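Examining the three-dimensional arrangement
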Amino acid sequence: MKAKVLLHRDFVISQIDRRLYGAFLEHLGRGIYTGIYEPGHPNANEHGFREDVLALVRELRPPVTRYPGGNFVSAYNWEDGVGPREQRPMRLDLAWRTKESNQVGVNEFADWCKQAETELMLAVNLGSRDLDAARNFLEYCNHPGGSTWSDLRIAHGWAEPHNVRLWCLGNEMDGPWQVGHKTATEYGRVANETAKAMKAFDAELELIVCGSSHSEMPSYPAWEAEVLEQCYDAIDHISLHMYFRNDEKQTLNYLAKTAIMERYIETVGGVIDYVQAKKRSKKKVTICFDEWNVWYHTRDADRERMDAWDWPEQPRLLEDIYNFEDVLQVGSILNTLIRQSDRVRIACIAQLVNVIAPIMTEPGGLAWRQTIFYPYYFASRFGRGTALRLAVESPTYSAEASGEIPYLDVSAVHDSSQKRVTLFMVNRHLTEAMESVTEIGGFATTGIADQALISGHDINDTNTLDAQNRVAPTARVDAELRDGVLKVALPPLSYAMVSLSLR
């Protein structure tokens with residue numbers, strides 16, 4: 001099986017926003033407690049943060065990390081998580097039927113972000129609360145001092161403002177499961193007024209309004225149209241969320257579902273264009289895909305457990321153990337985000353530690369990389385620069401999920417600062433190897449600088465506490481670069497990264 005790719009320096013999609021490789025941490029399950037924060041752990045630092053987890057997060061280099069939710073934020077009082085720890089209340093979290101101790105709040109998380117070398121991205125509660133709580137939260141976080149809320153932060157021990165630039169205006173407000181669920185008109189108006197108040201404090205803030213929770217919502221895409229009608233000129237980005245499932249255990253159909261994501265982005269992009277034209281606006285709203293991942297391995301069992309339990313604290317929840325098949329899916333999701341980087345400026349893998357995450361921990365024990373750690377790692381490390389538009393000829397197959405799908409999924413990024421161009425490739429074929437031939441134009445290539453391959457595994461192979469490196473990249477790809485032509489031999493069901501050095 002053969003595929004042909006044409007790559008040229010001048011065929012540009014967009015400069016990729018570095019925040020395309022962001023992450024998400026919510027007060028959910030063990031994401032925070034025994035995830036990033038575990039005082040008394042042998043690897044905990046003086047702040048109670050696990051240094052082994054910090055090291056793995058720094059490997060991934062997420063430019064931004066969204067916090068504190070998620071569904072959690074829609075009934076969250078930010079004031080519960082500040083001040084002396086011994087005075088913080090124990091609350092019942094309605095989203096996940098658990099107890100929240102509030103031992104980690106915005107100040108502690110801001111400190112963690114600095115240690116993790118990531119930028120803090122905050123969500124405000126527009127479910128059970130309103131713009132007054134949002135503007136007070138903003139003042140607490142960002143004002144230097146000399147006002148009620150900023151002076152309170154200083155009194156709590158944080159003299160310097162956090163200077164948070166990215167703010168989410170609620171979470172999934174189209175979802176009936178959300179505390180404080182609203183209609184599109186109700187939410188759009190609240191978001192508009194909140195955005196106006198926040199921009200009155202600082203006009204340079206970037207504000208993210210809630211789009212549809214997923215593309216199968218009955219209100220999609222009318223929700224986006226109505227919300228943007230209400231608040232278009234006051235906000236900067238609209239959020240999209242999508243989780244991928246393989247309940248039917250059909251690998252080819254599963255791997256085709258990224259085409260649904262691609263259409264989702266294109267459709268919302270069209271809605272943005274429509275509202276912009278209708279309003280005669282010069283502003284270009286873009287997309288923040290601030291929740292994406294594979295999520296199905298524990299989903300049904302978790303729902304049954306949540307219905308039965310009595311408000312536990314930091315339970316094991318949503319702890320999907322990812323397999324080799326999920327490596328291919330996550331690789332293709334990231335390829336989709338790269339190809340759509342003119343529309344999608346920010347994206348966040350959901351989530352980062354323990355909860356549907358690339359990093360897992362054992363309380364009091366080790367931390368390790370899940371299988372999906374690796375495609376995220378390679379995209380974050382090598383996928384910064386300019387996304388290139390490729391012409392691809394590949395054999396295809398017919399998938400129930402999304403019609404005709406190419407067996408080769410590929411994206412490419414030119415990083416002029418590092419003098420390299422990198423291809424990310426997935427061979428979706430179950431049994432056949434593929435020879436991918438890429439003709440390279442406009443670049444003077446000097447050789448293969450970096451490469452990695454993940455292949456040869458059973459689709460159900462996982463990384464666990466006892467077998468942490470069962471699924472991991474090998475150093476070499478069967479690749480040859482000669483006279484501006486790159487030939488790569490892709491085994492069946494494989495993920496490859498090949499980075500070429502440039503003169």
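Residues numbered from 1 in each chain as written. Predicted model: local features only at pLDDT ≥ 70, side-chain atom pairs only at ≥ 80, totals over all residues. Heavy atoms only, no water.

Turning our eyes to something else, we now look at the overall build of the protein. Secondary structure summary: the protein contains 11 helices and 25 strands in total. For the protein, the spread of C-alpha atoms along the three principal axes comes to 65 × 60 × 45 Å. Classification of the 503 residues of the protein by burial places 61% in the buried group. Looking at the protein alone, contacts between residues at least 24 apart form 76% of all its contacts between residues at least 6 apart. As displayed, the protein offers around 18600 Å² of accessible surface, 48% of which is attributable to carbon and sulfur atoms. Of the charged side chains in the protein, 53 are positive and 69 negative; the average position of the first set lies 5 Å away from that of the second. (Helix = DSSP H or I, 4+ residues; strand = E, 2+ residues; numbered from the N terminus. Buried < 20%, exposed > 50% of the residue type's maximum accessible area, 1.4 Å probe, protein only. Contact = heavy atoms within 4.5 Å. Areas by Shrake-Rupley, 256 points an atom, 1.4 Å probe, with all protein chains shown as cover. Lys, Arg positive; Asp, Glu negative; His and termini not counted. Charge placed at Lys NZ, Arg CZ, Asp CG, Glu CD.)

Read from one edge of the open sheet, 5 strands run 16-1-21-24-23, paired in mixed fashion. The strands lining the two open edges of the sheet, one partner per strand, are strand 16 (391-393) and strand 23 (478-482). In this sheet, adjacent strand axes meet at a mean angle of 15° when their direction is disregarded. Where strand 23 meets strand 24 (residues 485-490), 5 bridges bridge the pair, whose relative direction is antiparallel. Directly across from D478, in strand 24, lies its bridge partner A489. (Pairing = 2+ DSSP bridges. Axes fitted to C-alpha atoms, helices over the stretch in contact; angles between N-to-C directions.)

Turning our eyes to something else, we now look at the packing of helix 3 (residues 131-142) against helix 5 (residues 184-201). Angle between the axes and distance between the axes are the two parameters that describe a pair of packed helices. Here helix 3 crosses helix 5 at 25°, and the two axes come no closer than 9 Å. It follows from the interaxial angle that helix 3 and helix 5 lie roughly parallel. Helix-helix and strand crossings are classified by hand; for helix 3 and helix 5 the assignment is right-handed. Residues L131, A134, L138, E139 and N142 of helix 3 pack against E193, T194, A197, M198 and F201 of helix 5. Its residues assigned to classes, the contact of helix 3 with helix 5 shows 6 nonpolar, 2 polar and 2 charged. (Parallel < 35°, antiparallel > 145°, perpendicular 65-115°, else oblique. Left-handed = near helix turned anticlockwise from the far one by under 90°. Nonpolar A, V, L, I, M, F, W, Y, C, P; charged D, E, K, R; others polar.)

Turning to the pattern of salt bridges, a few remarks are in order. A full pass over the atoms with the stated rule returns 37 salt bridges. With a closest N to O distance of 2.7 Å, E229 and K278 form a salt bridge. In this pair, E229 sits in helix 6 (residues 222-231) while K278 sits in helix 8 (residues 258-279), placing the two residues 49 residues apart along the sequence. The partly exposed category is assigned to E229, whose relative accessible area is 23%. For K278, a relative accessible area of 45% corresponds to the partly exposed category. (Salt bridge = Lys/Arg side-chain N within 4 Å of Asp/Glu carboxyl O.)

What follows deals with unusual backbone geometry. Following G69, the chain continues to G70 via a peptide bond in cis, the omega torsion being 15°. Structurally, the position occupied by G70 is in the loop between strand 4 (64-67) and strand 5 (91-93). Unlike most non-glycine residues, R61 shows phi in positive territory, near 55°. Overall, R61 belongs to the partly exposed group, its relative accessible area being 41%. Residue N102 is not a glycine yet carries a positive backbone phi of 60°. With respect to the element layout, N102 can be found in the loop between strand 6 (98-100) and helix 2 (106-116).

Turning to the packing of aromatic side chains, a few remarks are in order. Across all of its chains, the model carries 20 aromatic pairs by this definition. Between F109 and W112, the aromatic rings sit 5.3 Å apart at their centres with planes inclined by 25°, giving stacked as the arrangement. Here W112 and F109 lie together in helix 2, a separation of 3 residues that amounts to about one turn. Overall, the relative accessible area of 0% leaves F109 in the buried class. Taken together through their ring pairs, the aromatic side chains of F373, Y374, Y377, F378, F382 and Y495 make up a single cluster. Here the guanidinium or amino end of R97 rests over the ring plane of W311, the centre of that ring lying 4.6 Å away. Lying over the aromatic face of W295, R299 brings its terminal NZ or CZ to 3.8 Å of the ring centre. (Phe/Tyr/Trp six-rings, centres within 6.5 Å; stacked < 30°, edge-to-face > 60°. Lys NZ or Arg CZ within 6 Å of the ring centre and 35° of its normal.)

Take the nonpolar core next. Side chains that are nonpolar tend, in soluble globular proteins, to be buried together. Of all hydrophobic cores here, the largest spans 165 residues; its most connected members are W112, W167, L169, Y187, F289 and L337. For this core, the element with the highest residue contribution is helix 8, accounting for 9 residues. Sequence-distant contacts of L337, that is, excluding residues within four places in its chain, are made with L20, M261, F289, W292, V344 and A347. (Core = buried A, V, L, I, M, F, W, Y, C linked by side-chain atoms within 4.5 Å.)

What follows covers the packing of helix 6 against helix 8. One way to put it is that helix 6 packs onto helix 8 with a least axis distance of 9 Å and a crossing angle of 35°. For the pair helix 6 and helix 8, the sense of crossing is right-handed. Together, E224, A225, L228 and E229 of helix 6 and V268, V271, I272, Y274, V275, K278 and K279 of helix 8 make up the contact between the two elements. A breakdown of the residues in the contact of helix 6 with helix 8 according to their chemical character gives 7 nonpolar, no polar and 4 charged.

Attention shifts here to the pairing of strand 21 (residues 434-441). Burial runs high along strand 21: 6 of the 8 residues are buried. Bridge count between strand 21 and strand 24: 6 bridges; the pairing is antiparallel. Residue M434 lies in a different strand from strand 24, and its bridge partner there is L490.

Here the focus is the pairing of strand 25 (residues 494-502). Along any regular strand, the residues point their side chains to alternate faces of the sheet. Strand 25 sits mainly inside the fold: 8 of its 9 residues count as buried. Relative to strand 25, strand 20 (residues 420-427) runs antiparallel, the two being bridged by 8 bridges. Following the sheet pairing, R420 is matched in strand 25 by S501. As paired elements, strand 22 (residues 445-454) and strand 25 share 8 bridges and run antiparallel to each other.

It is worth spelling out the environment of H237 at this point. With respect to the element layout, H237 can be found in strand 10 (residues 237-244). Through-space distance from the C-alpha of H237 to that of T286 is 4.8 Å; in sequence the pair is 49 residues apart. Excluding residues within four positions of it along the chain, H237 makes contact with E206, L207, I208, V209, V285, T286, C288 and I346. There is a polar contact of 2.8 Å between the side chain of H237 and the side chain of T286. (Polar contact = N/O pair within 3.5 Å; in protein donor to acceptor, adjacent residues only side chain to side chain.)

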